[in-house]
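Single-letter residue listing:
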Amino acid sequence: AEGMLWGGRFTGGIDPLMHKYNASISYDKLLYKEDILGSIAFARANAKSGIISDDEFVEIERGLHEVLKEWDTDTFTIRPNDEDIHTANERRLGEIIGKDIAGKLHTGRSRNEQVVCDMRMWLRERIHEIDDQLVAFLQVIITRAEVEISDHIMPGYTHLQRAMAVRFSAWLLSFGFAFASDLERLRETLKRVNKSPLGSGALAGNAFNIDRDMMAKELGFDGILWNSMGAVSSRDFVTEFLQWGSMFMGHISNWSQDLILYSSSEFGFVSIADAYSTGSSLMPQKKNPDGLELLRGKSGRCFGQLAGFMMTSKALTSTYNKDLQESWEPMLDHVSTISDSIQIANGILSTLTLRPEQMLAALDPTLLATDLADFLVRKGVPFRETHHISGQVVAKSEELGIPMDKLSLEQLQAIDDRFSKDVMDTFNYETSVESRSAKGGTSRSSVLEQIKVLRALLK
Ligand code: ARG
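Residues numbered from 1 in each chain as written. Predicted model: local features only at pLDDT ≥ 70, side-chain atom pairs only at ≥ 80, totals over all residues. Heavy atoms only, no water.

### Thoughts on the domain arrangement of the chain
Point 1. Under the domain assignment used here, the chain contains domain 1 (7–107), domain 2 (112–361) and domain 3 (364–427).
Point 2. Relative placement of domain 1 and domain 2: their C-alpha centres are 33 Å apart.
Point 3. Across the contact, 26 residues belong to domain 1 and 23 residues belong to domain 2.
Point 4. Buried surface at the junction of domain 1 and domain 2, summed over both partners, amounts to about 2,100 Å²; 64% is from carbon and sulfur atoms.
Point 5. Inspection of the region where domain 1 meets domain 2 yields 3 salt bridges.
Point 6. Taken together, the links from domain 1 to domain 2 amount to 8 residue pairs in polar contact (both at pLDDT 80 or more).
Point 7. Elements represented by at least two residues in the side of domain 1 that touches domain 2 include exactly helix H2 (25–28), helix H3 (32–48) and helix H5 (85–97).
Point 8. In terms of residues, the side of domain 1 that touches domain 2 owes the most to one element, H3, which gives 12 residues.
Point 9. Split by residue class, the side of domain 1 that touches domain 2 holds 11 nonpolar, 9 polar and 6 charged. (Domains from an automatic or database assignment. Contact = heavy atoms within 4.5 Å. Buried area = accessible area lost by both parts, 1.4 Å probe. Salt bridge = Lys/Arg side-chain N within 4 Å of Asp/Glu carboxyl O. Polar contact = N/O pair within 3.5 Å; in protein donor to acceptor, adjacent residues only side chain to side chain. Helix = DSSP H or I, 4+ residues; strand = E, 2+ residues; numbered from the N terminus. Nonpolar A, V, L, I, M, F, W, Y, C, P; charged D, E, K, R; others polar.)

Shown next, in the form of C-alpha coordinates:
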(Lines give C-alpha, C1' and ligand atoms only; values in the text may rest on other atoms or scores of the structure.)
Protein backbone atom coordinates (compact mmCIF):
# COMPACT_ATOMS: atom_id res chain seq x y z
CA ALA A 1 0.00 0.00 0.00
CA GLU A 2 2.98 2.23 -0.43
CA GLY A 3 2.06 5.44 -2.24
CA MET A 4 -1.62 5.22 -1.36
CA LEU A 5 -3.03 8.25 0.48
CA TRP A 6 -4.17 5.99 3.27
CA GLY A 7 -0.98 3.91 3.35
CA GLY A 8 0.37 4.92 6.79
CA ARG A 9 -0.77 1.89 8.76
CA PHE A 10 0.06 -0.65 6.05
CA THR A 11 3.18 -2.73 5.68
CA GLY A 12 2.10 -5.19 3.03
CA GLY A 13 1.42 -4.43 -0.63
CA ILE A 14 -1.95 -4.71 -2.35
CA ASP A 15 -2.81 -7.52 -4.76
CA PRO A 16 -2.80 -5.86 -8.20
CA LEU A 17 -6.19 -7.29 -9.06
CA MET A 18 -7.51 -6.05 -5.72
CA HIS A 19 -6.24 -2.60 -6.62
CA LYS A 20 -8.10 -2.68 -9.90
CA TYR A 21 -11.17 -4.21 -8.26
CA ASN A 22 -11.24 -1.47 -5.66
CA ALA A 23 -10.50 1.50 -7.91
CA SER A 24 -13.29 3.69 -9.22
CA ILE A 25 -11.18 6.20 -11.15
CA SER A 26 -12.11 4.68 -14.52
CA TYR A 27 -15.64 6.07 -14.14
CA ASP A 28 -15.60 8.59 -11.30
CA LYS A 29 -13.05 10.73 -13.18
CA LEU A 30 -16.06 11.99 -15.11
CA LEU A 31 -16.84 14.08 -12.04
CA TYR A 32 -13.48 15.82 -11.79
CA LYS A 33 -15.05 19.27 -11.87
CA GLU A 34 -17.60 18.62 -9.12
CA ASP A 35 -14.81 17.14 -7.01
CA ILE A 36 -12.62 20.22 -7.45
CA LEU A 37 -15.44 22.70 -6.78
CA GLY A 38 -16.31 20.75 -3.64
CA SER A 39 -12.69 20.92 -2.50
CA ILE A 40 -12.50 24.66 -3.05
CA ALA A 41 -15.68 25.19 -1.02
CA PHE A 42 -14.32 22.95 1.73
CA ALA A 43 -10.98 24.78 1.89
CA ARG A 44 -12.73 28.15 1.94
CA ALA A 45 -14.87 27.02 4.88
CA ASN A 46 -11.79 25.68 6.66
CA ALA A 47 -10.14 29.07 6.22
CA LYS A 48 -13.22 30.75 7.60
CA SER A 49 -13.11 28.66 10.74
CA GLY A 50 -9.37 29.40 10.99
CA ILE A 51 -8.03 25.85 10.84
CA ILE A 52 -6.09 26.79 7.71
CA SER A 53 -4.86 30.32 6.93
CA ASP A 54 -6.26 32.59 4.27
CA ASP A 55 -2.98 32.40 2.38
CA GLU A 56 -3.08 28.63 2.45
CA PHE A 57 -6.61 28.75 1.08
CA VAL A 58 -5.57 31.05 -1.76
CA GLU A 59 -2.75 28.67 -2.65
CA ILE A 60 -5.04 25.63 -2.53
CA GLU A 61 -7.61 27.36 -4.69
CA ARG A 62 -5.00 28.41 -7.22
CA GLY A 63 -3.61 24.88 -7.36
CA LEU A 64 -7.04 23.31 -7.75
CA HIS A 65 -7.83 25.63 -10.64
CA GLU A 66 -4.69 24.36 -12.30
CA VAL A 67 -5.75 20.77 -11.76
CA LEU A 68 -9.13 21.66 -13.24
CA LYS A 69 -7.47 23.18 -16.27
CA GLU A 70 -5.49 19.98 -16.81
CA TRP A 71 -8.65 17.92 -16.84
CA ASP A 72 -10.41 20.40 -19.10
CA THR A 73 -7.57 20.34 -21.61
CA ASP A 74 -7.11 16.59 -21.36
CA THR A 75 -3.58 16.88 -19.99
CA PHE A 76 -4.21 15.35 -16.55
CA THR A 77 -2.25 12.13 -16.21
CA ILE A 78 -3.83 9.41 -14.09
CA ARG A 79 -1.17 7.57 -12.08
CA PRO A 80 -1.31 3.89 -11.16
CA ASN A 81 -1.95 4.68 -7.50
CA ASP A 82 -4.85 7.05 -8.23
CA GLU A 83 -7.64 5.00 -6.72
CA ASP A 84 -10.49 7.44 -7.32
CA ILE A 85 -11.10 11.02 -8.43
CA HIS A 86 -10.67 12.36 -4.88
CA THR A 87 -7.22 10.89 -4.33
CA ALA A 88 -6.14 11.71 -7.89
CA ASN A 89 -6.99 15.40 -7.53
CA GLU A 90 -5.34 15.66 -4.13
CA ARG A 91 -2.21 13.90 -5.34
CA ARG A 92 -1.92 16.28 -8.29
CA LEU A 93 -2.55 19.33 -6.09
CA GLY A 94 0.41 18.26 -3.96
CA GLU A 95 2.63 18.09 -7.02
CA ILE A 96 1.57 21.58 -8.09
CA ILE A 97 1.59 23.54 -4.81
CA GLY A 98 3.73 21.28 -2.64
CA LYS A 99 2.63 18.73 -0.07
CA ASP A 100 2.91 21.08 2.92
CA ILE A 101 -0.09 23.12 1.94
CA ALA A 102 -1.88 20.53 -0.21
CA GLY A 103 -1.75 18.21 2.78
CA LYS A 104 -4.12 20.59 4.58
CA LEU A 105 -6.91 20.33 2.04
CA HIS A 106 -8.34 17.19 3.60
CA THR A 107 -8.43 18.69 7.12
CA GLY A 108 -11.56 17.42 8.84
CA ARG A 109 -12.79 15.88 5.63
CA SER A 110 -13.48 12.35 4.43
CA ARG A 111 -13.94 10.85 1.02
CA ASN A 112 -17.20 9.51 2.38
CA GLU A 113 -18.72 12.99 2.30
CA GLN A 114 -16.80 14.01 -0.80
CA VAL A 115 -18.10 11.20 -2.94
CA VAL A 116 -21.77 11.89 -2.28
CA CYS A 117 -21.22 15.61 -2.65
CA ASP A 118 -19.76 15.04 -6.12
CA MET A 119 -22.50 12.60 -7.12
CA ARG A 120 -25.31 14.84 -5.90
CA MET A 121 -23.93 17.90 -7.69
CA TRP A 122 -23.43 15.94 -10.90
CA LEU A 123 -26.82 14.26 -10.83
CA ARG A 124 -28.51 17.59 -10.15
CA GLU A 125 -27.07 19.02 -13.39
CA ARG A 126 -28.00 15.91 -15.36
CA ILE A 127 -31.54 16.13 -14.02
CA HIS A 128 -31.73 19.70 -15.30
CA GLU A 129 -30.60 18.49 -18.73
CA ILE A 130 -33.05 15.59 -18.77
CA ASP A 131 -35.78 18.03 -17.72
CA ASP A 132 -34.99 20.22 -20.75
CA GLN A 133 -34.92 17.22 -23.08
CA LEU A 134 -38.21 15.94 -21.76
CA VAL A 135 -39.84 19.35 -22.15
CA ALA A 136 -38.60 19.49 -25.76
CA PHE A 137 -40.04 16.01 -26.43
CA LEU A 138 -43.35 17.00 -24.86
CA GLN A 139 -43.46 20.06 -27.06
CA VAL A 140 -43.11 17.85 -30.14
CA ILE A 141 -45.90 15.61 -28.81
CA ILE A 142 -48.19 18.57 -28.21
CA THR A 143 -47.52 20.19 -31.57
CA ARG A 144 -47.99 16.90 -33.38
CA ALA A 145 -51.25 16.21 -31.56
CA GLU A 146 -52.45 19.66 -32.57
CA VAL A 147 -51.41 19.37 -36.22
CA GLU A 148 -52.84 15.88 -36.71
CA ILE A 149 -56.11 16.44 -34.95
CA SER A 150 -58.35 16.60 -38.02
CA ASP A 151 -58.85 13.49 -40.07
CA HIS A 152 -56.58 10.99 -38.42
CA ILE A 153 -59.03 8.59 -36.89
CA MET A 154 -57.86 5.06 -36.18
CA PRO A 155 -59.04 2.06 -34.21
CA GLY A 156 -58.34 2.26 -30.51
CA TYR A 157 -57.57 -1.12 -28.93
CA THR A 158 -58.14 -2.94 -25.70
CA HIS A 159 -56.60 -6.40 -25.40
CA LEU A 160 -55.22 -5.51 -28.85
CA GLN A 161 -58.73 -6.07 -30.24
CA ARG A 162 -60.44 -3.28 -32.13
CA ALA A 163 -62.48 -1.41 -29.56
CA MET A 164 -63.61 2.09 -30.55
CA ALA A 165 -62.58 4.72 -33.02
CA VAL A 166 -60.15 7.31 -31.60
CA ARG A 167 -58.20 10.24 -32.90
CA PHE A 168 -54.51 9.59 -33.45
CA SER A 169 -53.96 12.75 -31.41
CA ALA A 170 -55.79 11.25 -28.43
CA TRP A 171 -53.50 8.22 -28.57
CA LEU A 172 -50.43 10.44 -28.70
CA LEU A 173 -51.63 12.60 -25.83
CA SER A 174 -52.15 9.55 -23.64
CA PHE A 175 -48.35 9.29 -23.63
CA GLY A 176 -47.99 13.04 -23.40
CA PHE A 177 -49.75 12.98 -20.06
CA ALA A 178 -47.69 10.02 -18.84
CA PHE A 179 -44.47 11.83 -19.72
CA ALA A 180 -45.78 15.00 -18.08
CA SER A 181 -46.29 13.06 -14.85
CA ASP A 182 -42.76 11.76 -15.25
CA LEU A 183 -41.54 15.31 -15.53
CA GLU A 184 -43.39 16.25 -12.38
CA ARG A 185 -41.88 13.27 -10.55
CA LEU A 186 -38.40 14.15 -11.81
CA ARG A 187 -38.70 17.65 -10.40
CA GLU A 188 -39.86 16.20 -7.11
CA THR A 189 -36.83 13.89 -7.04
CA LEU A 190 -34.48 16.80 -7.58
CA LYS A 191 -35.46 18.28 -4.23
CA ARG A 192 -34.01 15.27 -2.43
CA VAL A 193 -30.95 15.00 -4.65
CA ASN A 194 -29.87 18.58 -4.13
CA LYS A 195 -28.86 18.51 -0.44
CA SER A 196 -25.33 18.94 0.81
CA PRO A 197 -23.49 16.24 2.78
CA LEU A 198 -20.32 18.35 3.17
CA GLY A 199 -19.26 18.73 6.77
CA SER A 200 -20.38 15.22 7.75
CA GLY A 201 -16.84 13.87 7.95
CA ALA A 202 -16.32 10.13 7.68
CA LEU A 203 -19.52 9.62 9.67
CA ALA A 204 -19.46 11.56 12.92
CA GLY A 205 -19.45 15.19 11.80
CA ASN A 206 -16.85 17.92 11.67
CA ALA A 207 -14.50 18.69 14.56
CA PHE A 208 -13.57 22.20 13.43
CA ASN A 209 -17.00 23.78 13.49
CA ILE A 210 -17.09 24.11 9.73
CA ASP A 211 -19.81 26.31 8.26
CA ARG A 212 -21.90 23.74 6.44
CA ASP A 213 -24.47 26.23 5.23
CA MET A 214 -21.81 28.34 3.61
CA MET A 215 -20.45 25.34 1.68
CA ALA A 216 -23.95 24.26 0.67
CA LYS A 217 -24.70 27.72 -0.65
CA GLU A 218 -21.46 28.02 -2.57
CA LEU A 219 -22.11 24.69 -4.30
CA GLY A 220 -25.72 25.48 -5.21
CA PHE A 221 -27.41 23.04 -2.81
CA ASP A 222 -30.86 23.69 -1.37
CA GLY A 223 -29.79 23.11 2.22
CA ILE A 224 -27.89 20.39 4.02
CA LEU A 225 -28.42 16.79 5.04
CA TRP A 226 -29.05 17.00 8.75
CA ASN A 227 -27.49 13.83 10.05
CA SER A 228 -23.84 13.10 9.36
CA MET A 229 -24.17 9.32 9.67
CA GLY A 230 -27.11 9.26 7.28
CA ALA A 231 -25.43 11.70 4.92
CA VAL A 232 -22.48 9.42 4.20
CA SER A 233 -24.41 6.18 4.06
CA SER A 234 -27.48 7.01 2.06
CA ARG A 235 -27.65 6.49 -1.67
CA ASP A 236 -31.42 6.94 -1.63
CA PHE A 237 -31.01 9.80 -4.06
CA VAL A 238 -29.50 7.37 -6.56
CA THR A 239 -32.17 4.74 -5.94
CA GLU A 240 -34.92 7.30 -6.35
CA PHE A 241 -33.44 8.46 -9.62
CA LEU A 242 -33.18 4.85 -10.83
CA GLN A 243 -36.81 4.33 -9.85
CA TRP A 244 -37.73 7.44 -11.72
CA GLY A 245 -35.78 6.33 -14.78
CA SER A 246 -37.28 2.86 -14.67
CA MET A 247 -40.83 4.13 -14.69
CA PHE A 248 -40.03 6.64 -17.40
CA MET A 249 -38.36 4.01 -19.58
CA GLY A 250 -41.37 1.77 -19.00
CA HIS A 251 -43.52 4.47 -20.59
CA ILE A 252 -41.04 4.89 -23.43
CA SER A 253 -41.14 1.13 -23.93
CA ASN A 254 -44.94 1.04 -24.24
CA TRP A 255 -44.94 3.99 -26.58
CA SER A 256 -42.36 2.27 -28.77
CA GLN A 257 -44.25 -0.99 -28.78
CA ASP A 258 -47.38 0.71 -30.13
CA LEU A 259 -45.38 2.41 -32.86
CA ILE A 260 -43.56 -0.80 -33.80
CA LEU A 261 -46.94 -2.42 -34.27
CA TYR A 262 -48.40 0.58 -36.09
CA SER A 263 -45.44 0.67 -38.47
CA SER A 264 -45.78 -2.99 -39.49
CA SER A 265 -47.22 -3.77 -42.94
CA GLU A 266 -50.26 -5.30 -41.29
CA PHE A 267 -51.16 -2.04 -39.56
CA GLY A 268 -49.30 0.51 -41.63
CA PHE A 269 -50.65 3.52 -39.71
CA VAL A 270 -47.24 5.16 -39.58
CA SER A 271 -43.93 4.95 -41.28
CA ILE A 272 -40.59 5.49 -39.54
CA ALA A 273 -38.00 7.73 -41.16
CA ASP A 274 -34.89 6.12 -42.63
CA ALA A 275 -32.83 8.02 -40.05
CA TYR A 276 -34.17 5.77 -37.29
CA SER A 277 -34.41 2.48 -39.19
CA THR A 278 -31.91 -0.03 -40.42
CA GLY A 279 -31.83 -2.64 -43.14
CA SER A 280 -31.22 -6.35 -43.27
CA SER A 281 -27.89 -7.81 -44.36
CA LEU A 282 -29.76 -10.56 -46.18
CA MET A 283 -33.26 -9.42 -47.11
CA PRO A 284 -33.11 -6.45 -49.46
CA GLN A 285 -36.68 -5.30 -48.84
CA LYS A 286 -36.36 -4.91 -45.08
CA LYS A 287 -36.64 -1.64 -43.20
CA ASN A 288 -36.58 -2.42 -39.52
CA PRO A 289 -37.67 -0.10 -36.70
CA ASP A 290 -34.43 -0.57 -34.73
CA GLY A 291 -34.64 2.81 -33.03
CA LEU A 292 -37.99 1.89 -31.52
CA GLU A 293 -36.85 -1.61 -30.63
CA LEU A 294 -33.89 -0.21 -28.74
CA LEU A 295 -36.14 2.24 -26.92
CA ARG A 296 -38.39 -0.69 -26.01
CA GLY A 297 -35.46 -2.86 -24.97
CA LYS A 298 -33.48 -0.35 -22.92
CA SER A 299 -36.15 -0.38 -20.22
CA GLY A 300 -34.94 -3.88 -19.29
CA ARG A 301 -31.47 -2.59 -18.66
CA CYS A 302 -32.82 0.24 -16.51
CA PHE A 303 -35.06 -2.03 -14.43
CA GLY A 304 -32.10 -4.38 -13.98
CA GLN A 305 -29.86 -1.62 -12.71
CA LEU A 306 -32.53 -0.49 -10.27
CA ALA A 307 -33.12 -4.00 -8.96
CA GLY A 308 -29.40 -4.69 -8.78
CA PHE A 309 -28.60 -1.60 -6.79
CA MET A 310 -31.55 -2.07 -4.45
CA MET A 311 -30.18 -5.52 -3.68
CA THR A 312 -26.73 -4.09 -3.10
CA SER A 313 -27.92 -1.38 -0.75
CA LYS A 314 -30.18 -3.45 1.46
CA ALA A 315 -28.95 -5.03 4.68
CA LEU A 316 -25.84 -2.88 4.92
CA THR A 317 -24.56 -1.92 8.32
CA SER A 318 -24.49 1.79 9.09
CA THR A 319 -22.69 3.91 7.66
CA TYR A 320 -20.18 3.91 4.79
CA ASN A 321 -19.38 0.52 3.27
CA LYS A 322 -17.60 0.01 -0.01
CA ASP A 323 -20.71 -1.67 -1.40
CA LEU A 324 -21.94 1.88 -1.89
CA GLN A 325 -19.43 2.40 -4.66
CA GLU A 326 -21.70 0.12 -6.68
CA SER A 327 -24.12 3.04 -6.96
CA TRP A 328 -21.91 4.81 -9.48
CA GLU A 329 -22.25 2.71 -12.56
CA PRO A 330 -26.04 2.32 -12.57
CA MET A 331 -26.35 6.05 -12.01
CA LEU A 332 -23.99 6.93 -14.86
CA ASP A 333 -25.55 4.42 -17.22
CA HIS A 334 -29.10 5.44 -16.37
CA VAL A 335 -28.35 9.05 -17.12
CA SER A 336 -26.81 8.40 -20.51
CA THR A 337 -29.38 5.77 -21.49
CA ILE A 338 -32.28 8.04 -20.59
CA SER A 339 -30.84 11.16 -22.10
CA ASP A 340 -30.08 9.38 -25.40
CA SER A 341 -33.47 7.69 -25.38
CA ILE A 342 -35.42 10.93 -25.04
CA GLN A 343 -33.53 12.46 -27.94
CA ILE A 344 -34.05 9.38 -30.12
CA ALA A 345 -37.76 9.29 -29.26
CA ASN A 346 -37.98 12.98 -30.12
CA GLY A 347 -36.28 12.35 -33.46
CA ILE A 348 -38.56 9.43 -34.29
CA LEU A 349 -41.72 11.38 -33.55
CA SER A 350 -40.52 14.51 -35.34
CA THR A 351 -39.86 12.55 -38.53
CA LEU A 352 -42.74 10.09 -38.32
CA THR A 353 -45.02 9.93 -41.37
CA LEU A 354 -48.68 9.24 -40.71
CA ARG A 355 -50.74 7.21 -43.15
CA PRO A 356 -54.34 8.26 -42.51
CA GLU A 357 -55.63 6.17 -45.41
CA GLN A 358 -54.30 3.04 -43.68
CA MET A 359 -55.84 4.11 -40.39
CA LEU A 360 -59.12 4.55 -42.22
CA ALA A 361 -58.79 1.16 -43.87
CA ALA A 362 -58.38 -0.46 -40.45
CA LEU A 363 -61.61 1.02 -39.17
CA ASP A 364 -64.43 -1.42 -39.32
CA PRO A 365 -68.07 -0.90 -38.44
CA THR A 366 -67.94 -3.14 -35.38
CA LEU A 367 -66.02 -0.27 -33.76
CA LEU A 368 -69.40 1.49 -33.83
CA ALA A 369 -71.31 -1.20 -31.95
CA THR A 370 -71.16 0.85 -28.78
CA ASP A 371 -72.46 3.87 -30.69
CA LEU A 372 -75.35 1.78 -31.92
CA ALA A 373 -76.19 0.84 -28.34
CA ASP A 374 -75.87 4.51 -27.35
CA PHE A 375 -78.36 5.41 -30.11
CA LEU A 376 -81.10 3.45 -28.34
CA VAL A 377 -79.95 4.73 -24.94
CA ARG A 378 -80.75 8.21 -26.19
CA LYS A 379 -84.28 6.94 -26.98
CA GLY A 380 -84.64 5.92 -23.35
CA VAL A 381 -83.85 2.20 -23.63
CA PRO A 382 -81.83 0.88 -20.65
CA PHE A 383 -78.15 0.40 -21.57
CA ARG A 384 -78.04 -3.28 -20.60
CA GLU A 385 -80.83 -3.90 -23.07
CA THR A 386 -79.25 -1.81 -25.84
CA HIS A 387 -75.93 -3.61 -25.32
CA HIS A 388 -77.70 -6.87 -26.03
CA ILE A 389 -79.55 -5.49 -29.05
CA SER A 390 -76.39 -4.09 -30.57
CA GLY A 391 -74.73 -7.46 -29.96
CA GLN A 392 -77.51 -9.09 -31.96
CA VAL A 393 -76.85 -6.66 -34.80
CA VAL A 394 -73.18 -7.67 -34.76
CA ALA A 395 -74.19 -11.34 -34.82
CA LYS A 396 -76.62 -10.74 -37.66
CA SER A 397 -74.02 -8.97 -39.72
CA GLU A 398 -71.59 -11.84 -39.17
CA GLU A 399 -74.24 -14.39 -40.03
CA LEU A 400 -75.17 -12.64 -43.29
CA GLY A 401 -71.63 -11.62 -44.12
CA ILE A 402 -72.81 -8.01 -44.48
CA PRO A 403 -70.91 -5.23 -42.71
CA MET A 404 -72.97 -3.81 -39.86
CA ASP A 405 -73.38 -0.42 -41.48
CA LYS A 406 -74.65 -2.01 -44.70
CA LEU A 407 -77.58 -3.78 -43.08
CA SER A 408 -80.88 -2.30 -44.22
CA LEU A 409 -83.16 -0.37 -41.92
CA GLU A 410 -85.64 -3.25 -42.21
CA GLN A 411 -83.00 -5.75 -41.10
CA LEU A 412 -82.19 -3.55 -38.12
CA GLN A 413 -85.85 -3.06 -37.28
CA ALA A 414 -86.39 -6.80 -37.42
CA ILE A 415 -83.99 -6.97 -34.47
CA ASP A 416 -85.56 -4.03 -32.65
CA ASP A 417 -88.36 -1.84 -33.92
CA ARG A 418 -87.12 1.17 -32.00
CA PHE A 419 -84.41 1.66 -34.64
CA SER A 420 -85.59 4.66 -36.65
CA LYS A 421 -84.30 6.00 -39.96
CA ASP A 422 -81.72 8.31 -38.36
CA VAL A 423 -79.92 5.25 -36.95
CA MET A 424 -77.95 5.27 -40.22
CA ASP A 425 -76.18 8.44 -39.02
CA THR A 426 -74.61 6.33 -36.27
CA PHE A 427 -72.42 4.54 -38.80
CA ASN A 428 -69.88 7.29 -39.05
CA TYR A 429 -66.47 7.29 -37.36
CA GLU A 430 -66.25 11.05 -37.14
CA THR A 431 -69.64 11.14 -35.41
CA SER A 432 -68.43 8.43 -33.08
CA VAL A 433 -65.30 10.25 -31.91
CA GLU A 434 -67.15 13.56 -31.78
CA SER A 435 -69.79 12.10 -29.48
CA ARG A 436 -67.11 11.50 -26.82
CA SER A 437 -66.94 15.15 -25.91
CA ALA A 438 -66.76 14.98 -22.13
CA LYS A 439 -63.40 16.07 -20.71
CA GLY A 440 -60.60 13.70 -21.66
CA GLY A 441 -62.40 12.11 -24.62
CA THR A 442 -61.63 11.82 -28.32
CA SER A 443 -63.80 14.60 -29.71
CA ARG A 444 -62.01 17.50 -31.32
CA SER A 445 -62.93 19.88 -28.49
CA SER A 446 -61.86 17.42 -25.78
CA VAL A 447 -58.55 16.79 -27.48
CA LEU A 448 -57.94 20.51 -27.93
CA GLU A 449 -58.69 21.04 -24.28
CA GLN A 450 -56.18 18.30 -23.35
CA ILE A 451 -53.58 20.03 -25.47
CA LYS A 452 -54.22 23.25 -23.59
CA VAL A 453 -53.97 21.55 -20.21
CA LEU A 454 -50.77 19.73 -21.15
CA ARG A 455 -49.21 22.87 -22.53
CA ALA A 456 -50.02 24.72 -19.31
CA LEU A 457 -48.31 21.97 -17.28
CA LEU A 458 -45.06 22.76 -19.05
CA LYS A 459 -45.06 26.40 -18.06
N1 ARG B 1 -14.69 5.59 -4.47
C2 ARG B 1 -15.40 5.61 -3.25
C3 ARG B 1 -16.91 5.47 -3.50
O4 ARG B 1 -17.32 5.68 -4.56
C5 ARG B 1 -15.12 6.89 -2.53
C6 ARG B 1 -15.30 6.81 -1.06
C7 ARG B 1 -14.22 6.01 -0.46
N8 ARG B 1 -14.35 5.96 0.95
C9 ARG B 1 -13.75 5.02 1.69
N10 ARG B 1 -13.97 5.03 2.94
N11 ARG B 1 -13.04 4.09 1.13
O12 ARG B 1 -17.66 5.12 -2.65
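Moving on, there is more to tell.
### Here's the deal with the environment of Leu 31
Point 1. Relative to the helices and strands, Leu 31 resides in the loop between H2 and H3.
Point 2. Taking the C-alpha atoms as reference points, Leu 31 and Met 283, 252 residues apart in sequence, are found 45 Å from one another.
Point 3. Beyond its immediate sequence surroundings of up to four residues, Leu 31 is in contact with Ile 85, Asp 118, Met 119, Trp 122, Trp 328 and Leu 332.

### Describing the packing of H3 against helix H4 (residues 54–72)
Point 1. At a minimum axis distance of 9 Å, the contact between H3 and H4 shows a crossing angle of 175°. Between H3 and H4, the crossing angle belongs to the class labelled roughly antiparallel. In contact with Tyr 32, Lys 33, Ile 36, Ser 39, Ile 40, Ala 43, Arg 44 and Ala 47 of H3, H4 contributes Asp 54, Phe 57, Ile 60, Glu 61, Leu 64, His 65, Val 67, Leu 68, Trp 71 and Asp 72.
Point 2. Here the residues of the contact of H3 with H4 are counted per class, giving 11 nonpolar, 2 polar and 5 charged. (Axes fitted to C-alpha atoms, helices over the stretch in contact; angles between N-to-C directions. Parallel < 35°, antiparallel > 145°, perpendicular 65-115°, else oblique.)

### Concerning the side chain of Ser 390
Point 1. Its location among the elements puts Ser 390 in helix H16 (residues 383–400).
Point 2. Sequence-distant contacts of Ser 390, defined by excluding residues within four places in its chain, comprise Ala 369, Leu 372 and Ala 373.

### Here we look at the side chain of Thr 426
Point 1. Tracing the backbone through its elements, the reader meets Thr 426 in the loop between helix H17 (409–415) and helix H18 (429–435).
Point 2. Residue Thr 426 is classed as buried on the basis of its relative accessible area, which comes to 9%.
Point 3. If we skip the residues at most four places from it in the chain, Thr 426 touches Leu 368, Asp 371, Leu 372 and Phe 375. (Buried < 20%, exposed > 50% of the residue type's maximum accessible area, 1.4 Å probe, protein only.)

### Examining H16
Point 1. With 18 residues, H16 extends 26 Å between its outermost C-alpha atoms, agreeing within 8% with the 26 Å of an ideal straight helix rising 1.5 Å per residue.
Point 2. Residues Thr 386, Ile 389, Ser 390, Val 393, Val 394 and Ser 397 constitute the buried set of H16. Down the axis, H16 shows its buried residues gathered within 145° of arc, on one side only. Of the exposed residues in H16, those oriented more than 90 degrees away from the buried face are Arg 384, His 388, Glu 398 and Glu 399.
Point 3. The inward-facing, buried residues of H16 contact helix H15 (369–377) and H17.
Point 4. After H16 finishes, the residue Gly 401 shows a positive phi value of roughly 70°. (Expected span 1.5 Å × (residues − 1). Arc of directions from axis to C-beta.)

### With respect to the site of the ligand
Point 1. Taken together, the residues surrounding the ligand are Ser 24, Asp 84, His 86, Arg 111, Asn 112, Val 115, Tyr 320, Lys 322, Gln 325 and Trp 328.
Point 2. Take Asp 84: an N or O atom from its side chain is 3.4 Å from a nitrogen atom of the ligand.
Point 3. Measuring from a nitrogen atom of the ligand, one finds a side-chain N or O atom of Gln 325 at 2.7 Å.
Point 4. In the complex, the protein chains occlude 87% of the 340 Å² of accessible area that the ligand would expose alone.
Point 5. When residues in the shell around the ligand are grouped by element, the largest group, 3 residues, is from helix H7 (residues 111–147).
Point 6. For the shell around the ligand, the class distribution of residues is 3 nonpolar, 4 polar and 3 charged.
Point 7. Residues from two domains meet in the shell around the ligand; each of domain 1 (7–107) and domain 2 (112–361) gives at least three. (Near = heavy atom within 4 Å. Areas by Shrake-Rupley, 256 points an atom, 1.4 Å probe, with all protein chains shown as cover.)

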